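# Structural characterization, general
For reference, the chains in residue letters:
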Amino acid sequence: MKIIPAKDASYVQLEAFFEKNVNVNKKQVYEKGYVVEIKQKIEGCFVLEQVEENIYWLKQLYITQTEAGRLPFLLESILTLAKQQNAKSVYVHSHQPVVDILLEALQFHPQKEHMFEDKYPTNKGSWWAYNVS
């Protein structure tokens, strides 16, 4: 599994991935995101966006159903990437109970307040935070 900035990935492979996964915000991934390459094929993507100094928001986390078993490893790789970028905290807005379970297992902490609500409104789901050491 390799994590590659989307701007450095194969355009042909990216377009093929986006064609099959229409719910992904293509523009955001192209501009600020990363793709997940498994066996020379793009199987996932995410955006790790800096929202404040040393504070990042993990958005658009997506992995294909055939590679979903790699999600815990992908999250750990994303946290390593955040650490390399000197992140102090990584926030995730989860919309699925199964993701909540995974985040809790990876030592993310549920947040009572709605993070970044003033700048980035969200309507449902739950916020989680991870303190990068």
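What comes next is a walk through the structure. (Residues numbered from 1 in each chain as written. Predicted model: local features only at pLDDT ≥ 70, side-chain atom pairs only at ≥ 80, totals over all residues. Heavy atoms only, no water.)

### Observations regarding the overall build of the protein
Along its length, the protein carries 4 helices and 7 strands. If you list the helices and strands of the protein from N to C, you get β-α-α-β-β-β-α-β-α-β-β. Taking 133 residues into account, the globule formula puts the C-alpha radius of gyration at 14 Å, and the protein, at 14 Å, falls close to it. With the C-alpha coordinates of the protein rotated into their principal frame, the extents come out at 40 × 30 × 25 Å. Going through the 133 residues of the protein one by one, you find that 46% of them count as buried. Across the protein, every contact between residues at least 6 apart in sequence was considered, and the portion connecting residues at least 24 apart equals 58%. (Helix = DSSP H or I, 4+ residues; strand = E, 2+ residues; numbered from the N terminus. Rg over C-alpha atoms; globule rule 2.2 N^0.38 Å. Buried < 20%, exposed > 50% of the residue type's maximum accessible area, 1.4 Å probe, protein only. Contact = heavy atoms within 4.5 Å.)

### Remarks on the environment of Val36
Of note, Val36 is situated in strand S2 (residues 33-38). Once the C-alpha coordinates of Val36 and Pro5 are considered, the two residues, 31 residues apart in sequence, prove to be 9.0 Å apart. Among all residues touching Val36, those that are not within four sequence positions of it are Met1, Lys2, Lys41, Ile42, Glu43, Gly44, Cys45, Phe46 and Leu74.

### So, the sheet that holds strand S6 (residues 109-111)
A sheet is described by the order of its strands in space; here 7 strands give the open sequence S1-S2-S3-S4-S5-S7-S6, paired in mixed fashion. Taken across any chain shown, the strands that pair with only one partner, and hence form the sheet edges, are strand S1 (2-5) and S6. Within the sheet, the average angular offset between the axes of one strand and its neighbour, ignoring direction, is 30 degrees. Bridge count for strand S3 (residues 41-52) against strand S4 (residues 55-63) is 7 bridges, and the pairing is antiparallel. Within the sheet, the bridge partner assigned to Glu49 lies in S4 and is Trp57. Across the face of the sheet, helix H3 (residues 71-84) comes into contact with S1, S2, S3, S4, strand S5 (89-94) and strand S7 (126-131) while running at roughly 150 degrees to S4. (Pairing = 2+ DSSP bridges. Axes fitted to C-alpha atoms, helices over the stretch in contact; angles between N-to-C directions.)

In short, shape yes, function no, at least from these values alone.
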